[in-house]
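Close look at the chain arrangement
Okay, here's what each chain looks like letter by letter:
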Amino acid sequence: MAVEINEETWKILHQHAVDAMRKAYAPYSNYPVGVAALVDDGRIVTGCNVENASFGLTLCAECGMVSELIKTGGGQLKAFTCVNALEEILIPCGRCRQLLYEHGGPQLQLMMPAGIKLMSEVLPEAFGPDYLTEIATKLKTTPNI
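Here we summarise the structure given alongside this text. (Residues numbered from 1 in each chain as written. Predicted model: local features only at pLDDT ≥ 70, side-chain atom pairs only at ≥ 80, totals over all residues. Heavy atoms only, no water.)

With that settled, consider the side chain of Asn84. In this fold, Asn84 is placed in the loop between β3 (77-83) and α3 (94-104). Of the polar contacts made by the side chain of Asn84, one reaches the backbone nitrogen of Leu86; its length is 2.8 Å. Beyond its immediate chain neighbours, meaning those up to four positions away, Asn84 contacts Met21, Tyr31, Pro32 and Leu90. (Helix = DSSP H or I, 4+ residues; strand = E, 2+ residues; numbered from the N terminus. Polar contact = N/O pair within 3.5 Å; in protein donor to acceptor, adjacent residues only side chain to side chain. Contact = heavy atoms within 4.5 Å.)

As a further point, take the environment of Gln98. With respect to the helices and strands, the residue Gln98 is situated in helix α3. Judged by its relative accessible area of 30%, Gln98 is partly exposed. Remark: the alpha-carbon pair of Gln98 and Phe127, spanning 29 residues in sequence, is separated by 8.0 Å. In this view, Gln98 contacts Leu123 and Phe127; residues no more than four positions away in its chain are not counted. One polar contact links the side chain of Gln98 to the main-chain carbonyl oxygen of Phe127, over a distance of 2.6 Å. (Buried < 20%, exposed > 50% of the residue type's maximum accessible area, 1.4 Å probe, protein only.)

Right, let's get into the pairing of β3. By the criterion of burial, β3 is predominantly enclosed, with six of the seven residues buried. As judged from the six bridges shared by strand β1 (residues 34-39) and β3, these two strands associate in the antiparallel manner. Pairing of Val39 across the sheet is with Leu77, part of β3. Note that β3 and strand β4 (residues 109-112) share two bridges and pair parallel. By the bridge assignment, Ala79 is partnered in β4 with Gln109. Traced from β3 through α3 to β4, the parallel crossover comes out right-handed. (Pairing = 2+ DSSP bridges. Right-handed = clockwise from strand over helix to strand, strands pointing away.)

Among all residues save glycine, negative phi is the norm, and among peptide bonds the norm is trans. For Asn30, which is not glycine, the phi dihedral falls at a positive 55°. Its identity is not glycine, yet Phe55 carries a phi of approximately 60°, on the positive side. With respect to the element layout, Phe55 can be found in the loop between β2 (44-48) and α2 (61-71). Phe55 sits in the exposed class, given a relative accessible area of 51%.

The next subject is the nonpolar core. By size, the foremost hydrophobic cluster in this structure holds 22 residues, and its most contacted members are Met65, Leu77, Phe80, Leu100, Leu110 and Met119. Elements supplying a minimum of two residues to this core: β1, α2, β3, α3, β4 and α4 (119-122). Tallying contributions element by element places α2 first for this core, with four residues. Counting residues in each nonpolar core, the second largest holds ten residues, with Val18, Leu38, Ala79 and Val83 among its members. (Core = buried A, V, L, I, M, F, W, Y, C linked by side-chain atoms within 4.5 Å.)

Okay, the sheet that holds β1 next. Sheet architecture is open: five strands sit in the order β2-β1-β3-β4-β5, paired in mixed fashion. Bordering the open sheet on either side are β2 and β5 (115-118), each of which pairs with just one other strand. Mean inter-strand twist for the sheet, computed between neighbouring axes without regard to direction, equals 20°. Here α2 sits on the sheet and contacts β1, β2 and β3; the angle it forms with β2, its principal contact strand, is near 145°. Helix-sheet contacts for α3 involve β3 and β4, and the interaxial angle to β3 is about 155°. (Axes fitted to C-alpha atoms, helices over the stretch in contact; angles between N-to-C directions.)

Here it is as structure tokens:
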């Protein structure tokens with residue numbers, strides 16, 4: 001199923017991200033974050049940050065969103081947005097970019113403060129599942145390894 005990504009899509013994703021942000025659990029930083037993404041089958045998945053007193057165990061909103069993606073049938077992310085408490089567009093951190101790459105690939109479109117960018121632009125030369133498959137194939141076909 002091909003999904004269309006247009007201006008209306010981005011508005012809908014933004015509203016879903018705002019709704020998710022309003023459910024965030026951020027009592028320590030007071031920095032709620034919400035995310036939303038369009039999946040290749042037309043679903044919208046969302047997530048919010050969930051903090052923990054130890055801070056290191058805090059879950060980014062992207063983690064919750066990817067959990068929802070997998071829980072509701074998987075698929076590939078096609079368009080993604082992230083907002084703060086002021087409903088402004090945020091940039092995903094490096095860890096979350098890697099997570100998004102894993103489930104959206106280099107062609108995932110991200111709404112950034114400067115406009116729409118491809119994942120390949122915001123995480124150039126990313127390490128991903130293809131590298132693991134490639135090395136496994138080489139190991140199977142290379143004698144004496």
